[in-house]
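Each chain, letter by letter, is given below.
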Amino acid sequence: MTSSGLHQDLIGGSRGGGGRGGPAPPPPDELTVERLAARAHMSPRTFARRFRAVTGTTPYAWVLRQRLLLAQRLLEDRGDLTVDDVAARSGFGAAAALRHHFARERGTSPQAYRRAFRTGALAG
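Here we summarise the structure given alongside this text.

About the criteria used
Residues numbered from 1 in each chain as written. Predicted model: local features only at pLDDT ≥ 70, side-chain atom pairs only at ≥ 80, totals over all residues. Heavy atoms only, no water. Core = buried A, V, L, I, M, F, W, Y, C linked by side-chain atoms within 4.5 Å. Buried < 20%, exposed > 50% of the residue type's maximum accessible area, 1.4 Å probe, protein only. Helix = DSSP H or I, 4+ residues; strand = E, 2+ residues; numbered from the N terminus. Contact = heavy atoms within 4.5 Å. Salt bridge = Lys/Arg side-chain N within 4 Å of Asp/Glu carboxyl O.

**Brief notes about the nonpolar core**
- Ranked by size, the top nonpolar core spans 14 residues in total, and within it Leu68, Leu75, Val86, Phe92, Leu98 and Phe102 carry the most contacts.
- Per-element accounting of this core gives the leading share, 5 residues, to helix H4 (residues 59-77).
- Sequence-distant contacts of Leu75, that is, excluding residues within four places in its chain, are made with Val86, Phe102, Pro110, Tyr113, Arg114 and Arg118.
- Of all hydrophobic cores here, the second largest spans 8 residues; its members include Val33, Leu36, Phe47 and Trp62.

**Structural notes on the pattern of salt bridges**
- In total, this model carries 2 salt bridges according to the counting rule given.
- The salt bridge partner of Asp80 is Arg78, with a shortest N-O separation of 2.8 Å.
- Its relative accessible area of 54% is what places Asp80 among the exposed residues.
- Judged by its relative accessible area of 29%, Arg78 falls in the partly exposed class.
- Ionic pairing is found between Glu105 and Arg104, a salt bridge with its closest N-O pair at 3.4 Å.
- For Glu105, a relative accessible area of 42% puts it in the partly exposed group.

Here is the structure:
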C-alpha cells in the first residue's frame, strides 16, 4: 500500500474515478491515533508499526501535521476567527496547545504567522 493510498483509506475520500463522492474526512478532534487504528481494524501498536513502515512517520506526527496544516489554512483564510477558534476547529482544543505546536513546528506564533501572511511576507 502506498502512503497516499493509506491516507485515503484512513481519512476517507474518493479513490479512482476522479470524483468527490467519498466520505468526508473526520473532524480534526476525531482524528486520533486510536480512531485511525480502529478504522484500520488494528490495535494501536500494530497500526503504529505498519503506519511508520508505509509513511516513514509516526501516526501521532502525521495527525499533528494534519492539524497544523488545517490551522495554517484557517489562519490564512479566516481572519474572523480568533486563535482560540482556530485551535478548536483544527483539533488542538486549546489555544495554548496550538501556540506550542505551531511555534515548535513553524518557528512562529499563530498570530505572527497570520500577520506575516496578510502582509504578503509568506504569501505567494
